[in-house]
Amino acid sequence: MRQLVISFLLCTACAVNTARVKGENQTSGKQNNHHIFEWSPCDPTIVQDPLLSCSFFEIPLDYHVPSAGHGRIVVAKANATGERRGTLFFNPGGPGSSGLTTLNGNTSVLLNLTGGNYDIVTWDPRGVGPLTVPGDIFCFDSVAEYDAFWNGTIEHSGIEMTGTFRDPGDIERLLSQATVMQKKYEEFGRRCLQHPTGKYLRYVGTAATVRDMVALADELDGPGSPVNYAGISYGTVLGAWFVNMFPERVGRVVLDGVINPLLVATEETSMFWPQMLADADKVYQGFVTGCALAGPSGCAIAQANQSAADVDATIQALLKRAHDAARVNSSVPVTSADIRSALFGAMYFPTEWPALANTMYPQIVAAVKGESSQASSSPLGPMSRRLQKRQLNDMVVNYDTKAILCSDSIDRRGTRMADVFKNIITESRTGSQLFTSVWQNTFYGCPFWPVRAVERYEGLFKNTLANKILVASNVFDPVTPLSNAEALVGLLGDDARLVVQRGFGHTTVPSPSQCLNKIFLAYFTNGTLPEGNDTVCDVDDEFELFAGVNTEAILAQFTSD
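Residues numbered from 1 in each chain as written. Predicted model: local features only at pLDDT ≥ 70, side-chain atom pairs only at ≥ 80, totals over all residues. Heavy atoms only, no water.

### Topic: the side chain of Ser-98
Of note, Ser-98 is situated in the loop between strand S4 (86-91) and helix H1 (99-103). Looking at Ser-98, its side chain comes within polar contact range of the side chain of Asp-124, at 2.7 Å. When near neighbours in sequence (up to four residues on either side) are disregarded, Ser-98 contacts Pro-92, Asp-124 and Val-128. (Helix = DSSP H or I, 4+ residues; strand = E, 2+ residues; numbered from the N terminus. Polar contact = N/O pair within 3.5 Å; in protein donor to acceptor, adjacent residues only side chain to side chain. Contact = heavy atoms within 4.5 Å.)

Pasting the structure below:
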């Protein structure tokens, strides 16, 4: 989804502690078993951090069928700076995000967090990147081929709707595309399967990635050693599967921005994605509240003395105007679907809110009014071009995210595109009114993906773990609501502890909190955890979402309203 700057791992003090996790090999702390690795400088086109070295690690394509053949994963490592106690594995989520790209430049942060006592290791999982095999998954050979295939469909244009999706015309237009879109996605699946990378689609699931990580730990720290892991976003699925597939191997584990593993195990992605948006509109409410507090000097959407409701009304009026224009002319430069997509992207990272309000929004307004000379080429401005480029890379250059996500999904074989569309309409009324209709091809298209992974983990999720884990969540997260973290902790019982950050955005990453940093540091250095699940951390006061407006000011307005 995004390259993450791991600000939630920042720490101010990094104590060396000799305490060991339960079951830790007493000799592995002072030596490592790297004899099968050939560590050398990383590919400079991917990694420039001099603290990192890289190697390859051979993996079986199918851990249960040796004859399926072998692949390899590219691994990056930063050596411990203190007395080595083992390895901390890191996965940035996605799925499909590159561990190497994400860790590049952030190595010192993780080394500090762990007191310098762990080697920091990440990797590009199967189905990710140009160096791992199986790596990037392709379905088209060019942008032109992609454009020709999807031209005239909601894959290109998105879904047009207003309010809570009750306009009969909007409903009819969406449902009328169901048959065409189902045929398109079925044909798309066949194209992916027939592409040269299609032979690997069965082997890129998360269960196999769990086994890859455990195999890495066996080689790096010794057979049976505790596996220490930090995962964010979809990396929490890998983490939740790991601690239940290998409960006896659990060392220090932090999961931040949790996807409920029961949803992945029991529901199709097209149906559980809207549930992941449970708090998305609350994050948007935080945005408009902060904008109103900042006023016109800090937020171009606001006028003097306006309330959050006034700012929202301004945005809703713009959405309606863009929607109505698209009804008259489907080739308008900016549609309501474009605006919703831009808003949704910014909800992940509050640090983007000022740019959304002060740079992108005025250009959107000008484009919708037909007053922008740049409207036809770049109606949403510089930030949108970056978002569009990222989207283009995800959809045209590779389908890593979709391949992994759909491989992990259950396979009902009977879901129709009409069912997907009807669920979007329903959830737009009962769930996130703003963002359910943002077309997420990676989730909504999975019922028509041609294969599933050779191994999927479906539970149990209540196993007794060798060591307790730490689960973190923002109070308002647009795609991994706090209820997901609470559900996981509820499943694991006394083997997990929950800490909540009073902030906005996806994972605790976007907002700095010294309180949370200290908890992470204490856990990784000496295993200390909060006594219960009611620990709450504030975002640092000096962190401003708009000029002069911090998180506490917005939350206080929530309470007063």
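### Remarks on the confidence of the model for the protein
Taken over all residues, the pLDDT of the protein has a mean of 88, while the share at 70 or more is 88%. The low-confidence segment residues 1-33 (pLDDT under 50) makes 92 contacts with residues lying over four places distant or belonging to another chain. Low confidence marks residues 371-395, where pLDDT is under 50. Its contacts with residues over four positions away, or in another chain, come to 39 contacts. (pLDDT = per-residue confidence, 0-100.)

### Notes on the pattern of salt bridges
All chains considered together, the criterion is met by 18 salt bridges. Salt-bridge contacts for Asp-119 lead to Arg-84; the nearest nitrogen and oxygen are separated by 2.7 Å. Taken as a pair, Asp-119 in strand S5 (residues 118-123) and Arg-84 in the loop between strand S3 (70-78) and S4 lie far apart in primary sequence, 35 residues in all. With respect to burial, Asp-119 and Arg-84 carry one shared label: buried. A salt bridge links Asp-538 to Arg-502; its shortest N-O distance comes to 2.9 Å. One end of the pair, Asp-538, is in strand S10 (residues 535-538); the other, Arg-502, is in strand S9 (residues 496-504), with 36 residues separating them in the sequence. By relative accessible area, which is 41% here, Asp-538 ends up partly exposed. For Arg-502, a relative accessible area of 25% puts it in the partly exposed group. Look at the salt bridges and you will find they share partners, linking Asp-167, Asp-170, Arg-173 and Arg-327 into a network. (Salt bridge = Lys/Arg side-chain N within 4 Å of Asp/Glu carboxyl O. Buried < 20%, exposed > 50% of the residue type's maximum accessible area, 1.4 Å probe, protein only.)

### A closer look at the packing of aromatic side chains
This structure, assessed with the given rule, holds 35 aromatic pairs. Here Phe-344 and Phe-435 contribute two aromatic rings whose centre-to-centre distance is 5.2 Å and whose plane-to-plane angle is 40°, an arrangement assigned as tilted. Residue Phe-344 is found in helix H13 (residues 336-348), and its partner Phe-435 is found in the loop between helix H17 (417-430) and helix H18 (441-444); the two are separated by 91 residues along the sequence. Each of the two residues, Phe-344 as well as Phe-435, counts as buried. In this structure, Arg-72 is placed above the aromatic ring of Phe-56, and the distance from its NZ or CZ to the ring centre is 3.7 Å. Over the aromatic face of Phe-149 sits the side chain of Lys-184, whose NZ or CZ is 4.2 Å from the ring centroid. (Phe/Tyr/Trp six-rings, centres within 6.5 Å; stacked < 30°, edge-to-face > 60°. Lys NZ or Arg CZ within 6 Å of the ring centre and 35° of its normal.)

### A short note on the sheet that holds strand S6 (residues 227-232)
Read from one edge to the other, the open sheet built from ten strands follows the order S1-S2-S3-S5-S4-S6-S7-S8-S9-S10, with strand pairing classed as mixed. Only two strands of the sheet have a single neighbouring strand rather than two, namely strand S1 (40-41) and S10. By the bridge criterion, eight bridges tie strand S2 (residues 53-60) to S3 in an arrangement that is antiparallel. Note that in S3 the partner of Pro-60 across the bridge is His-70. (Pairing = 2+ DSSP bridges.)

### Considering the pairing of strand S8 (residues 469-476)
Sheet faces and side chains relate simply in a regular strand, where the side chains alternate between the two faces. Along S8, seven of the eight residues are buried, which leaves the element largely enclosed by surrounding structure. Summarising the sheet, strand S7 (residues 250-256) and S8 pair through three bridges and their orientation is parallel. Counted as the bridge partner of Val-254 is Leu-470 from S8. Of the pairings in the sheet, the one linking S8 to S9 comprises seven bridges and is parallel in character. Bridging from a neighbouring strand, Phe-476 pairs with Phe-504 of S9.

### Here's the deal with the state of the cysteines
Enumeration according to the criterion identifies five disulfides in this entry. In this model, Cys-139 is linked to Cys-192 through a disulfide, with the two sulfur atoms separated by 2.0 Å. Between Cys-139 and Cys-192, the S-S torsion sits near 110°, and that sign places the bridge as right-handed. Within this pair, whereas Cys-139 is found in the loop between S5 and helix H3 (143-150), its partner Cys-192 is found in helix H6 (residues 178-194), the two being separated by 53 residues in sequence. Assessed through its relative accessible area of 3%, Cys-139 is described here as buried. Judged by relative accessible area, which is 0%, Cys-192 ranks as buried. The partner cysteine of Cys-515 in its disulfide is Cys-537, sulfur to sulfur 2.0 Å. With the S-S bond torsion at -60°, the cross-link from Cys-515 to Cys-537 turns out left-handed. Of this pair, Cys-515 sits in helix H20 (residues 514-526) while Cys-537 sits in strand S10, placing them 22 residues apart in sequence. (Disulfide = S-S within 2.5 Å.)

### Focus on the nonpolar core
Counting residues in hydrophobic clusters, the biggest one holds 170 residues, and the most contacted among them are Phe-287 and Ile-469. It is helix H14 (residues 353-368) that contributes the most residues to this core, nine residues altogether. Leave out the neighbours within four places in its chain, and Ile-469 touches Val-243, Val-250, Val-253, Leu-255, Leu-492, Asp-495, Ala-496, Arg-497, Tyr-523 and Leu-529. (Core = buried A, V, L, I, M, F, W, Y, C linked by side-chain atoms within 4.5 Å.)

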